Amino acid sequence: MKKLISNEDNIFIAGARGMVGSAITRQLYKSGYGTKQSKGALLIPNREELNLCDNDEVKKWFQANKPNVVIIAAARVGGIFANSDKPTDFLLENLKIQNNIIENSWKNGVRRLLFLGSSCIYPKFCSQPIKEENLLTGELEPTNQWYAIAKIAGIKLCQALRAQHDFDAICLMPTNLYGPGDNYHPQNSHVLPALMNKFYEAKENGSKQVTCWGDGSALREFLHVDDLGEACIHALENWNPSEKNSPKDQNGNELNFLNAGSGKDISIKELAKLIANIVGYEGEILWDKSKPNGTPKKLLNVEKFSQVGWKSKISLKEGIKDTFEIYKKDKASKKLRSY
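Notes on the structure in this doc start here. (Residues numbered from 1 in each chain as written. Predicted model: local features only at pLDDT ≥ 70, side-chain atom pairs only at ≥ 80, totals over all residues. Heavy atoms only, no water.)

Taken as a whole, the second largest pocket spans an internal volume of roughly 230 Å³. Forming the boundary of the second largest pocket are 16 residues, of which Ser262, Lys264, Ile314, Ser315 and Leu316 lie nearest the centre. Elements supplying a minimum of two residues to the lining of the second largest pocket: β8 (219-224) and β10 (265-267). Take the lining of the second largest pocket: its biggest share by element is 5 residues, from β8. When grouped by side-chain class, the residues that make up the lining of the second largest pocket number 6 nonpolar, 4 polar and 6 charged. (1 Å grid on protein atoms, 1.4 Å probe; cavity = no way out; pocket = protein on both sides within 12 Å on 5 of 7 lines; lining within 4 Å. Points joined across faces, edges and corners; volume = space filled by probe spheres on them. Helix = DSSP H or I, 4+ residues; strand = E, 2+ residues; numbered from the N terminus. Nonpolar A, V, L, I, M, F, W, Y, C, P; charged D, E, K, R; others polar.)

Right under this line is the structure:
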């Protein structure tokens, strides 16, 4: 089957300096895109070169650079504390970023667009593992609803453009991500990097106890960011929602978004033990039950994406080991991201 993108395309990766965007960029180069041998280029402007929140700036950039394919990995992201502390920022900035890119892609003749959402789009309480059909069937998790609402709006904008204007926009909903380039800030990071940093610091400081949020009972799924990078390329090359044999919802309707995950979950308590073991921390792990757990369980059903021919390859244990080695090197060289 002919691939839906080629190495002759000029591909814009929005957010290419972030953890997800970097992984996608690595995979694109690995797959032969943007190389000296290819006719196309990878367009990866930084924040100083392109302010994605400024629509006029985005409009001028599209007119000047004329990308054929667009990947939206840019977003304002963070954990429970960050989402709860700055709800306006999470809602407004994400809406601006995605609306500016999606609308200008459509108006400037982009051929294919991939929008990355998040598993937090789904209701706090819904059947497990979570299917794509669960979208908008219940209330969101309050601690990240602002981010989730923005992402849902992005999915629906892509769906509307596909339905009304035949604009080829597809979406992937990744589960919790980790890997090279993650954020290790003690308050603004997600659970896996936060635990890694916490246990490493405790080991280095000789601390005998480490306190973690919640009671450790919440179940979470994790996907290595390099797996997601591969998933994005696979979707862009192979998935056309309009094809007869593409995944459909339970009513046989076309789907413009698919779940991307490992299909396996782990309790936060077991995750903490695993990370502590890999880091080499041997002290006591305490749980602060006054802090929120977040959603009790969040495991994605990835059957529909598997129909398109993709599945994750990196095991959680091996992925954490590799990530920890990179973490130590970045920390030693003071290149660790912590903001």
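In an α-helix, one full turn covers 3.6 residues, which means residues spaced three or four apart are oriented alike. Over its 14 residues, helix α7 (residues 225-238) extends 20 Å from the first C-alpha to the last, a length consistent with the 20 Å expected when each residue adds 1.5 Å. Within α7, the full set of buried residues consists of Val225, Asp227, Leu228, Gly229, Ala231, Cys232, Ile233, His234, Ala235, Leu236 and Glu237. (Expected span 1.5 Å × (residues − 1). Buried < 20%, exposed > 50% of the residue type's maximum accessible area, 1.4 Å probe, protein only.)

Moving on, we come to the nonpolar core. Counting 66 residues, the largest nonpolar core has Phe12 and Leu172 as its most contacted members. Of the residues forming this core, the biggest block, 7 residues, is contributed by α7. Each residue touching Phe12, except ones within four places of it in the same chain, is listed here: Leu43, Pro45, Leu50, Leu52, Trp61, Phe62, Pro67, Val69, Val70, Ile71 and Ile101. Judged by nonpolar contacts, the second largest core, of 26 residues, contains Tyr178, Ile268, Leu271 and Ile320. (Core = buried A, V, L, I, M, F, W, Y, C linked by side-chain atoms within 4.5 Å. Contact = heavy atoms within 4.5 Å.)

It is worth spelling out the environment of Asn134 at this point. Summarising the element assignment, Asn134 is placed in the loop between β4 (112-116) and α5 (145-165). Sequence separation between Asn134 and Ile121 is 13 residues, and the spatial gap between their C-alpha atoms is 9.4 Å. Other than its neighbours up to four places away in sequence, Asn134 contacts Tyr122, Pro123, Cys126 and Ser127.

Glancing now at the side chain of Ser105. Relative to the helices and strands, Ser105 resides in helix α4 (residues 87-107). Residue class for Ser105 comes out buried when judged on its relative accessible area of 0%. Apart from the residues lying within four places of it in its own chain, the contact partners of Ser105 are Phe62, Val70, Val110, Leu113 and Phe167.

If you walk across this open sheet you meet the 6 strands as β2-β1-β3-β4-β5-β9, and the pairing is parallel. Two strands close off the open sheet at either side, each with one partner strand: β2 (42-43) and β9 (257-260). Pairing between strand β5 (residues 169-174) and β9: 4 bridges, direction parallel. By the bridge assignment for β9, Pro174 is matched with Ala260. (Pairing = 2+ DSSP bridges.)

Let us look at the side chain of Asp9. Here Asp9 is to be found in the segment before β1 (11-14). In this structure the side chain of Asp9 is engaged in a polar contact, spanning 2.9 Å, whose partner is the side chain of Arg111. In this structure Asp9 touches Gly40, Ala41, Asn68, Val69 and Arg111, once residues within four positions along its chain are discounted. (Polar contact = N/O pair within 3.5 Å; in protein donor to acceptor, adjacent residues only side chain to side chain.)

What follows deals with the packing of aromatic side chains. Within this structure, the stated rule accounts for 10 aromatic pairs. Ring geometry for Tyr200 versus Tyr327: centroids 5.3 Å apart, planes at 80°, classification edge-to-face. Of this pair, Tyr200 sits in helix α6 (residues 191-205) while Tyr327 sits in helix α10 (residues 316-332), placing them 127 residues apart in sequence. We classify Tyr327 as buried; its relative accessible area is 1%. Linked through ring pairs, Tyr184, Tyr200, Phe324 and Tyr327 together constitute an aromatic cluster. Here the guanidinium or amino end of Arg76 rests over the ring plane of Phe90, the centre of that ring lying 5.2 Å away. (Phe/Tyr/Trp six-rings, centres within 6.5 Å; stacked < 30°, edge-to-face > 60°. Lys NZ or Arg CZ within 6 Å of the ring centre and 35° of its normal.)

With that settled, the discussion passes to the pairing of β1. The two faces of β1 match: Ile11 and Ile13 on one face and Phe12 and Ala14 on the other face are all buried. As paired strands, β1 and β2 are joined by 2 bridges and run parallel to one another. Considered in β2, the bridge of Phe12 is made with Leu43. In the classification by handedness, the crossover that spans β1, the intervening helix α1 (residues 19-30) and the parallel β2 is right-handed. Judged from the 4 bridges that link them, β1 and strand β3 (residues 69-72) form a sheet pairing that is parallel. Of the residues in β3, the one forming a bridge with Ile13 is Ile71. (Right-handed = clockwise from strand over helix to strand, strands pointing away.)

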